[in-house]
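# Residue-level structural notes
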Amino acid sequence: MEQLLVSGEKKLDGAVTVHGAKNSALPILAAAILVKGECIIHNCPRLSDVLEAINILKGLGCKAELEGNTAVVDASTISGYSIDEQTMRSMRSSIIFLGALVSRMGIAQVYYPGGCEIGTRPVDLHINSLRSMGVTVEEKGSAICCKADKIYGTKIILPFPSVGATENIIIASVMAKGRTTIINAAREPEISDLADFLNHCGARIYGAGEGTIEIEGVLSLHPAQHDVIPDRIVVSTYMAAAAITGSTVTVNNVVPTHVAPVFPAFNQMGCRIYLSGSSLKLEAPRRLKRISTIKTMPYPGFPTDSQPIIAAVLCKAKGTSVIQENIFENRFRYISELKRFGTDIEVNDNLAVINGVKEFHAANVNATDLRGGAALVIASLAADGISRVNCVNYIDRGYESIEKSLSQIGADIKRITYEKQKDE
Ligand code: UD1
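Residues numbered from 1 in each chain as written. Predicted model: local features only at pLDDT ≥ 70, side-chain atom pairs only at ≥ 80, totals over all residues. Heavy atoms only, no water.

## Some details on the overall build of the protein
Scanning the protein from terminus to terminus reveals 15 helices and 25 strands. The C-alpha radius of gyration of the protein comes to 21 Å, within 12% of the 22 Å expected for a compact globule of 424 residues. Over its C-alpha atoms, taken along the principal directions, the protein stretches across nearly 65 × 45 × 40 Å. Taking as baseline every contact in the protein between residues at least 6 positions apart, the subset at least 24 positions apart corresponds to 73%. In the form shown here, the protein has an accessible surface area of approximately 16700 Å², with 46% of it arising from carbon and sulfur atoms. The protein carries 43 positive and 44 negative side-chain charges, and their two centres are separated by 3 Å. (Helix = DSSP H or I, 4+ residues; strand = E, 2+ residues; numbered from the N terminus. Rg over C-alpha atoms; globule rule 2.2 N^0.38 Å. Contact = heavy atoms within 4.5 Å. Areas by Shrake-Rupley, 256 points an atom, 1.4 Å probe, with all protein chains shown as cover. Lys, Arg positive; Asp, Glu negative; His and termini not counted. Charge placed at Lys NZ, Arg CZ, Asp CG, Glu CD.)

## Topic: the sheet that holds strand S22 (residues 364–366)
Strand pairing in a sheet relies on backbone hydrogen bonds. The paired strands run either parallel or antiparallel. Spatial strand order, S22-S24-S1-S25: four strands in an open sheet with mixed pairing. Two strands bound the open sheet, and with one partner strand each, they are S22 and strand S25 (412–417). Neighbour-to-neighbour, the strand axes of this sheet turn through a mean angle of 25°, independent of strand direction. On top of the sheet, helix H13 (residues 370–382) reaches strand S1 (2–7), S22, strand S24 (386–390) and S25; it is set at about 175° to S24, its chief contact. (Pairing = 2+ DSSP bridges. Axes fitted to C-alpha atoms, helices over the stretch in contact; angles between N-to-C directions.)

## Here's the deal with unusual backbone geometry
The omega torsion across Tyr299 and Pro300 is 10°, close enough to zero to call that bond cis. Phi angles above zero are rare outside glycine, and Asn43 is one such case at about 60°. Residue Cys391 is not a glycine yet carries a positive backbone phi of 60°. You can see Cys391 is positioned in the loop between S24 and helix H14 (392–396).

## As for the site of the ligand
Neighbouring the ligand are 18 residues; Asp124, Leu125, Ser162, Asp305 and Ile327 lie closest to it. Take Asp124: an N or O atom from its side chain is 2.7 Å from a nitrogen atom of the ligand. Here an oxygen atom of the ligand and a side-chain polar atom of Ser162 are 2.6 Å apart. Burial of the ligand by the protein chains amounts to 83% of its free accessible area of 740 Å². The set of elements that each furnish at least two residues to the shell around the ligand consists of helix H5 (124–132) and helix H6 (163–173). No other element matches H5, which puts three residues into the shell around the ligand. (Near = heavy atom within 4 Å. Polar contact = N/O pair within 3.5 Å; in protein donor to acceptor, adjacent residues only side chain to side chain.)

## Brief notes about the side chain of Gln307
Tracing the backbone through its elements, the reader meets Gln307 in helix H11 (residues 307–314). A residue is classified by how much of its surface remains accessible, and Gln307, at 0% relative accessible area, is buried. Dropping the residues within four chain positions of it, Gln307 is found in contact with Thr296, Phe302, Ile323, Glu325, Arg331, Phe332 and Tyr334. (Buried < 20%, exposed > 50% of the residue type's maximum accessible area, 1.4 Å probe, protein only.)

## Remarks on the sheet that holds strand S19 (residues 344–348)
Pairing is mixed in the open sheet, where four strands are placed in the order S17-S18-S20-S19. The strands lining the two open edges of the sheet, one partner per strand, are strand S17 (294–295) and S19.

## Focus: the layout of surface pockets
Of the pockets and cavities examined, the second largest pocket occupies roughly 250 Å³. Ile244, Thr245, Gly246, Arg286 and Lys316 are, among the 15 residues lining the second largest pocket, the residues nearest its centre. (1 Å grid on protein atoms, 1.4 Å probe; cavity = no way out; pocket = protein on both sides within 12 Å on 5 of 7 lines; lining within 4 Å. Points joined across faces, edges and corners; volume = space filled by probe spheres on them.)

## Observations concerning the packing of helix H8 (residues 232–244) against H13
Two quantities define a packed helix pair, namely the angle between the axes and the distance from one axis to the other. Across the interface, H8 lies against H13 with an axial gap of 9 Å and an inter-helix angle of 20°. Looking at the two axes, H8 sits roughly parallel to H13. For the crossing formed where H8 meets H13, the hand is right-handed. On H13, the residues that touch Ile233, Thr237, Ala240, Ala241 and Ile244 of H8 are Arg371, Ala374, Ile378, Ala379, Leu381 and Ala382. Its residues assigned to classes, the contact of H8 with H13 comprises nine nonpolar, one polar and one charged. (Parallel < 35°, antiparallel > 145°, perpendicular 65-115°, else oblique. Left-handed = near helix turned anticlockwise from the far one by under 90°. Nonpolar A, V, L, I, M, F, W, Y, C, P; charged D, E, K, R; others polar.)

## Some points on the nonpolar core
Among the nonpolar cores identified, the biggest contains 79 residues, and Phe97, Ile170, Val174, Leu198 and Leu221 are the most heavily contacted of them. The dominant element in this core, judged by the number of residues it contributes, is helix H1 (residues 22–31), at six residues. The residues touching Ile170, leaving out its near neighbours within four places in the chain, are Ile182, Ile191, Leu194, Leu198, Ile205, Ile213 and Ile215. (Core = buried A, V, L, I, M, F, W, Y, C linked by side-chain atoms within 4.5 Å.)

## Quick look at the packing of H1 against helix H2 (residues 48–59)
Taken N-terminus to C-terminus, the directions of H1 and H2 make an angle of 0°; their axes are 10 Å apart at the nearest point. What the angle tells us is that H1 and H2 run roughly parallel. In contact with Lys22, Ala25, Leu26 and Leu29 of H1, H2 contributes Asp49, Val50, Ala53, Ile54 and Leu57. In terms of residue class, the contact of H1 with H2 is built from seven nonpolar, no polar and two charged.

## As for the pattern of salt bridges
Tallied over the entire structure, the rule returns eleven salt bridges. The closest approach of N and O atoms between Glu65 and Lys58, which form a salt bridge, is 3.7 Å. Classification of Glu65 by relative accessible area gives partly exposed; the value is 40%. Glu190 is paired through a salt bridge with Arg232; the nearest N and O atoms lie 2.8 Å apart. (Salt bridge = Lys/Arg side-chain N within 4 Å of Asp/Glu carboxyl O.)

Shown next, in the form of structure tokens:
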């Protein structure tokens, strides 16, 4: 078992560089299935979910390797069209392979992605969209089987701008017959990154990053190279680390517009943000101030993935702050763990009311999910004494050695391996 051991109340200082975005890399790796030839994807984060995606590609008969931070994928040799249930459950974003497989192979056999971590995460929007493009979808228990001799472009109106559904539609439509229009498409930067990769390969996707996306089907795609965008949620995590410790930290490899939705919250807390090219410096005040309500919304709103991270920081701000979670119905599970630091939070449905406290006490806590786990690490940085964060595997899904990055800016944090006791 692995655990993060954090000795808190250390001032941070210096600079840290952000790795590539997990939520871009995963759909891009899936989209590489459409290309007959070698695609080279740079700035690919070495994360457990990315390695799982590489394994899925290999299992389908593609050549796929992650060398350092460069993924090389050649789908010329693809022969499979199914992904087993255990693999599908291990990574929720595995559903993104659906559109790619049905487009390339004419058939896809997958399963519902796994359990409840931050919400039920249904895939009805993905399935309904594929159906409207002429794909036959059969659901038997947890199995989903898609078949299509030909995929047809059409107009799809999404009732909610789902990131995953928008990605699946884009991937399924780039080689469809005719034009696909997505109305109320997700506008997250990761959507634009996927479209950029596919356009480098010869796709004709227009308007990615806006509410309406048009895709003109092409006959084939050619290999290309692509640089994955920096991970905006990781940026907000290091900003939070600086804020909660009252420090000044520089974050490199940042696209400021991608992170802008979290700036007002940090500014309201009294932090100063200085931008210079792709670097961001956050200077925290001695005592953070409360904020008015934060509401998580689809991009360009406040990102739900940064919600737990900012909540940890607000626990140390003077006064009462409120967070409204509007994207996932079960995204406050981490709060019971966060309370172990002596924080004062009340949850009522999708509202968290946070009364700031002056001091955090060291705690032994369990990560409940990826970003909730990151929030516990952030809280540990501000706690007196040594805190222990367990279930590090969740955190490893989205951070390349979080302990190394935080150590680089002066945090006292290390990863230890220990034997699991029988009564644990
Ligand atoms: C992606 C991100 C995740 C982020 C989320 C919202 C990846 C790998 N994950 O997740 O980190 O938190 O966007 O920014 O990119 N919904 C349905 N039916 C569907 C699909 C979604 O009801 O078919 C609902 C979901 O339950 C949720 C909301 O729509 O309440 C948002 O989901 P979605 O935007 O699809 O998120 P993901 O793509 O799963």
